[in-house]
Amino acid sequence: MTTYSPVHTCVCVCVSTHQLGLPLHEGDNFHPQDNIEKMARGEALTDQDRLPWLLKLHELIDRERCSGSDALVVCSALKRLYRQILLHGFKALTYLSCQDQEIPLSTPPDVFFLFLYGDYDLIHQRMVARRGHYMKADLLRSQFDVLEPPLDEENVLPLNITRSITDMATEVEKHFISLKSSPTL
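The rules we used
Within every chain, residues take consecutive numbers counted from 1 along the sequence as written. Restriction of local features to residues with pLDDT of at least 70 applies here, the model being predicted, together with a cutoff of 80 or more for giving and counting side-chain atom pairs; totals for whole chains, interfaces and linings are based on all residues. Hydrogens are left out, water is left out, and the side-chain values use all remaining heavy atoms of the structure. Burial here depends on accessible area, computed with a 1.4 Å probe over protein chains only, as a share of the maximum for the residue type. Under 20% is buried, over 50% is exposed, and the range in between is partly exposed. Labels follow the DSSP assignment, with helices taken as runs of H or I lasting at least four residues and strands as runs of E lasting at least two, numbered in each case from the N terminus. Working definition: the arc comes from the directions between the helix axis and the C-beta atoms, pointing outward to the latter. Pairs of residues are marked as contacts when any of their non-hydrogen atoms sit within 4.5 Å. Stacked, tilted and edge-to-face are the three classes assigned to paired rings of Phe, Tyr and Trp, where Trp is represented by its six-membered ring and a pair needs centres within 6.5 Å; plane angles under 30 degrees give stacked, over 60 edge-to-face, the rest tilted. The rule for a charge over a ring is simple: NZ of Lys or CZ of Arg within 6 Å of the ring centre, and within 35 degrees of the ring normal. Within a predicted model, pLDDT stands for the predictor's per-residue confidence, ranging from 0 to 100. Polar contacts, as counted here, are pairs of nitrogen or oxygen atoms within 3.5 Å of one another; within protein the pair requires one atom able to donate a hydrogen and one able to accept it, and residues that are adjacent in sequence qualify only if both atoms are side-chain atoms. When a carboxyl oxygen of Asp or Glu is within 4 Å of a side-chain nitrogen of Lys or Arg, the pair counts as a salt bridge.

**Considering helix 2 (residues 33-40)**
Buried within helix 2 we find Asn 35, Ile 36, Lys 38 and Met 39. Down the axis of helix 2, the buried side of the element spans an arc of 165°, and every buried residue falls inside it. Against helix 3 (47-66) lie the buried residues of helix 2. Following helix 2 by one or two positions, Gly 42 has its phi on the positive side, about 90°.

**Overview of the side chain of Lys 38**
Positionally, Lys 38 belongs in helix 2. Apart from the residues within four sequence positions on either side, Lys 38 is in contact with Glu 43, Ala 44, Leu 45, Thr 46 and Asp 49.

**A word on the packing of aromatic side chains**
Counted under the stated rule, the structure contains 2 aromatic pairs. Between Phe 115 and Tyr 117, the aromatic rings sit 5.6 Å apart at their centres with planes inclined by 25°, giving stacked as the arrangement. With centroids separated by 5.3 Å and ring planes inclined at 75°, the aromatic side chains of Tyr 120 and Phe 144 adopt a geometry described as edge-to-face. Remark: Phe 144 occurs in helix 7 (residues 140-146) and Tyr 120 occurs in helix 6 (residues 120-129); sequence separation between them is 24 residues. For Phe 144, a relative accessible area of 22% gives the class partly exposed. Residue placement shows Arg 141 over the ring face of Tyr 120; its charged tip is 4.0 Å from the ring centre.

**Observations regarding the environment of Phe 115**
Mapped onto the elements, Phe 115 comes out in strand 3 (residues 113-117). Judged by its relative accessible area of 11%, Phe 115 falls in the buried class. In this structure the C-alpha to C-alpha distance between Phe 115 and Ile 161, which are 46 residues apart in sequence, comes to 9.6 Å.

**Regarding the confidence of the model for the protein chain**
Mean pLDDT over the protein chain: 80, with 78% of residues reaching 70 or higher. Considering each helix and strand of the protein chain separately, the mean pLDDT is smallest for helix 1 (residues 8-20), with a value of 58, and largest for helix 3, with 93.

**Thoughts on the environment of Glu 154**
Looking at the secondary structure, you find Glu 154 in the loop between helix 7 and strand 4 (156-160). A residue is classified by how much of its surface remains accessible, and Glu 154, at 1% relative accessible area, is buried. Note: C-alpha distance between Glu 154 and Arg 83 (71 residues apart in sequence) is 8.7 Å. Discounting chain neighbours no more than four positions away, the residues touching Glu 154 are Arg 80, Arg 83, Thr 107, Phe 113 and Pro 149. At 2.7 Å, the side chain of Glu 154 and the side chain of Arg 83 are in polar contact.

**Considerations on the pattern of salt bridges**
In the structure shown here, the tally under the stated rule is 8 salt bridges. For Lys 38, the salt bridge goes to Asp 49, with nearest N and O atoms at 2.6 Å. Residue Lys 38 is found in helix 2, and its partner Asp 49 is found in helix 3; the two are separated by 11 residues along the sequence. Of the two residues, Lys 38 and Asp 49, neither departs from the other in class, the shared state being buried. A salt bridge links Asp 47 to Lys 79; its shortest N-O distance comes to 3.0 Å. Taken together, the residues Asp 47 in helix 3 and Lys 79 in the loop between strand 2 (72-74) and helix 4 (80-88) connect sequence positions 32 residues apart. By relative accessible area, Lys 79 is classed as buried at 16%.

Below, the structure is given as structure tokens:
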């Protein structure tokens, strides 16, 4: 799962995690210390900065999938490439270096992305109000600048953050249950 809106994301996902009884892995806890320090200084991360972090999250997702467990992983997978790395690890990079076309690696049916989206001003306001997080609200513009919203083919559930947390959590739960009951899994 991927999410985009800081602040609201955690509450929605925590409610969903509780309702579904799933473990929650907060992507921010997997950032290398250099990334944390860079964001704390107000510097945007580059693709190169994010790569070790994305690969750690890929390992986590792969481990959960291989064990047959369900889990929620929360992170800002802003670009399609990032989402492909989360799913396929180095394979996504290998394919990209060998091809001059779009990444054709598919999203496994047992994985879906949540795309919590909203207006820049609303998200910025929520980020300014939060306390104790190393990522400064000033970095939000850089995230909007690189954002590649997920496509339907990426198995995405878009959620507008102007909705209530309860509404969003209920929709996540329904989506999860429908995927689990799908004959393709």
